[in-house]
Amino acid sequence: MKTAKLIVFWLCLGCIGYAQELNCVVQVNASQVQGTDRRIFETLQSSMFEFLNGRRWTTLNFAPTERIECNFTLIVQKRDPNSNEISGSLSVQVRRPVFNSTYNSVLLNFIDKDISFRYAEHDVLEFSDGSFHGNLTAILAYYAYMAIGLTFNSFGREAGIQFFDRAMEIVMRCQDLPAAEAIGWRSSSRNTANRYWLAENFTNGNLRDIHEIYYIYYRKGLDEMYENPPAARQAIFQSLEKLQRLNRQRPSLLVKQVFFDSNSEELINIFKMGTPDEKNRLIAIVRELDPANLNKYQAIFN
């Protein structure tokens, strides 16, 4: 079974291999930009696709069926033909398979609203750990490592930490960029739902329970749903209550927003099958953690 094999491959961190890790669908939407040769956006899309899917991000061996499923959608809002500067937003979604099912659960559903980089047609996208080759490759590499880290975390306790550390290393290398390109990399950026704070949450030692939250929710919760639904729902409650404690420790935690942006619909579907007590318990938790969507959770009672 695909998912059983994933555990063996992803947690055997000493295995050396040569297959790529990501299976990304890449789309560049430049419908807002007028008066520009559309070929540049076609080559940009192709370059992003090859960069994400064509390189090895770890030393592990992934079979084609084991690659991490993800979507990168770049919405181009502006392009300066003189400087080749492109700005817009990037939507990143990462999914992982659930045991004994054909269902893929969302690990990350994140919109980065502060994308800015320079790109000329047919530019070669280069990247190496420890060096800076441009804002575009830094952003793509950052999200590649975040995707891998989240996937590893969902299968093994703290198994993704080394990849979150690599994402944070990219963040730190980008602190001295010019102001326009530095937006999104700095703690002081206008939008706090950014690359700096996302990586900070997953690398801050005081927030180490974040790794346990993802492991329990996916491995002990979703992966056990087929064999033992009541026990799986209790594991999901355990992960939510850990998140609740973290949020009380540090209110407005970005990872809380990221978690519910990715999992709210899934939680509704899971607890539609729960007991009345479980449903009331979930409502009490989301009233505190996801109050903006509280009405949506009422669907569990239907």
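Just so you know, these numbers come straight off a predicted model, no measurement behind them.

Draft legend 1. Representation of the state of the cysteines. The tally for this structure, following the rule as stated, stands at 1 disulfide. C174 takes part in no disulfide bond, and the closest cysteine sulfur, belonging to C24, lies 19 Å away. A residue is classified by how much of its surface remains accessible, and C174, at 0% relative accessible area, is buried.

Draft legend 2. Up close: the pattern of salt bridges. This model, assessed by the stated rule, comprises 14 salt bridges. The partner of D223 in a salt bridge is R96, and the shortest N-O contact between them spans 2.7 Å. You can see D223 sitting in the loop between α7 (209–221) and α8 (229–249) and its partner R96 sitting in strand β3 (residues 85–97), a full 127 residues away along the chain. With respect to burial, D223 and R96 carry one shared label: buried. Two residues, R233 and E278, come together in a salt bridge whose shortest N-O distance is 2.7 Å. Remark: E278 occurs in helix α10 (residues 276–289) and R233 occurs in helix α8; sequence separation between them is 45 residues. Overall, the relative accessible area of 7% leaves R233 in the buried class. Exposure remark for E278: the relative accessible area of 8% places this residue in the buried category. Look at the salt bridges and you will find they share partners, linking R96, R219, D223 and E224 into a network.

About the criteria used
- Residues numbered from 1 in each chain as written.
- Predicted model: local features only at pLDDT ≥ 70, side-chain atom pairs only at ≥ 80, totals over all residues.
- Heavy atoms only, no water.
- Disulfide = S-S within 2.5 Å.
- Buried < 20%, exposed > 50% of the residue type's maximum accessible area, 1.4 Å probe, protein only.
- Salt bridge = Lys/Arg side-chain N within 4 Å of Asp/Glu carboxyl O.
- Helix = DSSP H or I, 4+ residues; strand = E, 2+ residues; numbered from the N terminus.

By themselves, these are just geometric observations and shouldn't be taken as functional.
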